[in-house]
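# Summary of the model geometry
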Amino acid sequence: MTTVSAEFFKSDKCTKKEAIQYLQENAAVKFLQEQKLFGKLQAIAKGSSKDKVLTALEKFEADPDARKGDDDTDLNAALEATKALKIKEAEDKKEAKDAAKEEALA
């Protein structure tokens, strides 16, 4: 993907989705989480305003630490870890609910 700058995005030469995709491919996971741009591209694009994406692009350009580094977690690995945690939380919640039902019946 070509480089997407704040100026390029302001001039409507690329879509919000393209700008978010560029950030997700090039920014550190921590930066994406801080900007609330971490997650599935489609969902983030739908829920983010153009101003929010523009602000994120400007911060990304200004902060060299926002770029992915050698020690940065891979986006897909972080997404998988988040997904696994959500599944575990759902299982724990179901177990607690089942235990409460059993107590109520006893």
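Before going further, it helps to examine the overall build of the protein. Tallying secondary structure elements over the protein gives 6 helices and 0 strands in all. Reading the secondary structure of the protein in the N-to-C direction produces α-α-α-α-α-α. Here the protein, with 106 residues, has 27% of them falling under the buried criterion. Carbon and sulfur atoms form 52% of the exposed surface of the protein, whose accessible area is close to 7500 Å².

Here we come to the environment of Ser49. Note on placement: Ser49 falls in the loop between α4 (41-47) and α5 (50-62). With relative accessibility at 39%, the residue Ser49 sits in the partly exposed group. Each C-alpha atom, one on Ser49 and one on Lys16, is 8.4 Å from the other, the two residues being 33 residues apart in sequence.

A few words on the packing of helix α2 (residues 16-26) against α5. Following both chains from N to C, one finds α2 and α5 inclined at 35°, their axes separated by 10 Å at the closest point. Between α2 and α5 lies a crossing whose hand is left-handed. Residues Lys16, Ala19, Ile20, Tyr22, Leu23 and Asn26 of α2 pack against Lys50, Val53, Ala56, Leu57 and Phe60 of α5. Across the contact of α2 with α5, the residue classes break down as 8 nonpolar, 1 polar and 2 charged.

Of note, Tyr22 is situated in helix α2. What makes Tyr22 buried here is its relative accessible area of 10%. Separated by 18 residues in the primary sequence, Tyr22 and Val4 have C-alpha atoms spaced 6.7 Å apart.

The final tally for this structure, using the stated rule, is 2 aromatic pairs. Relative to Phe60, the ring of Phe31 has its centre 5.9 Å away and its plane inclined at 50°; by these criteria the two rings are tilted. Separated by 29 residues along the polypeptide, Phe31 in helix α3 (residues 29-34) and Phe60 in helix α5 bring together distant segments of the chain. Judged by its relative accessible area of 6%, Phe31 falls in the buried class. Looking at Phe60, the relative accessible area reads 3%, which means it is buried. Put simply, the rings of Tyr22, Phe31 and Phe60 touch in pairs and so form one group of aromatic residues. Geometry around Phe60 places Arg67 over its ring, the cationic atom sitting 4.4 Å from the centre.

Although it is not a glycine, Lys36 sits at a positive phi angle of roughly 60°. Residue position: Lys36 is located in the loop between α3 and α4. A relative accessible area of 58% places Lys36 in the exposed class.

Mean pLDDT over the protein works out to 83, with 87% of the residues at or above the 70 mark. For the protein, the element scoring lowest by mean pLDDT is helix α1 (residues 6-10), at 75; α4 scores highest, at 91.

What counts and how
- Residues numbered from 1 in each chain as written.
- Predicted model: local features only at pLDDT ≥ 70, side-chain atom pairs only at ≥ 80, totals over all residues.
- Heavy atoms only, no water.
- Helix = DSSP H or I, 4+ residues; strand = E, 2+ residues; numbered from the N terminus.
- Buried < 20%, exposed > 50% of the residue type's maximum accessible area, 1.4 Å probe, protein only.
- Areas by Shrake-Rupley, 256 points an atom, 1.4 Å probe, with all protein chains shown as cover.
- Axes fitted to C-alpha atoms, helices over the stretch in contact; angles between N-to-C directions.
- Left-handed = near helix turned anticlockwise from the far one by under 90°.
- Contact = heavy atoms within 4.5 Å.
- Nonpolar A, V, L, I, M, F, W, Y, C, P; charged D, E, K, R; others polar.
- Phe/Tyr/Trp six-rings, centres within 6.5 Å; stacked < 30°, edge-to-face > 60°.
- Lys NZ or Arg CZ within 6 Å of the ring centre and 35° of its normal.
- pLDDT = per-residue confidence, 0-100.

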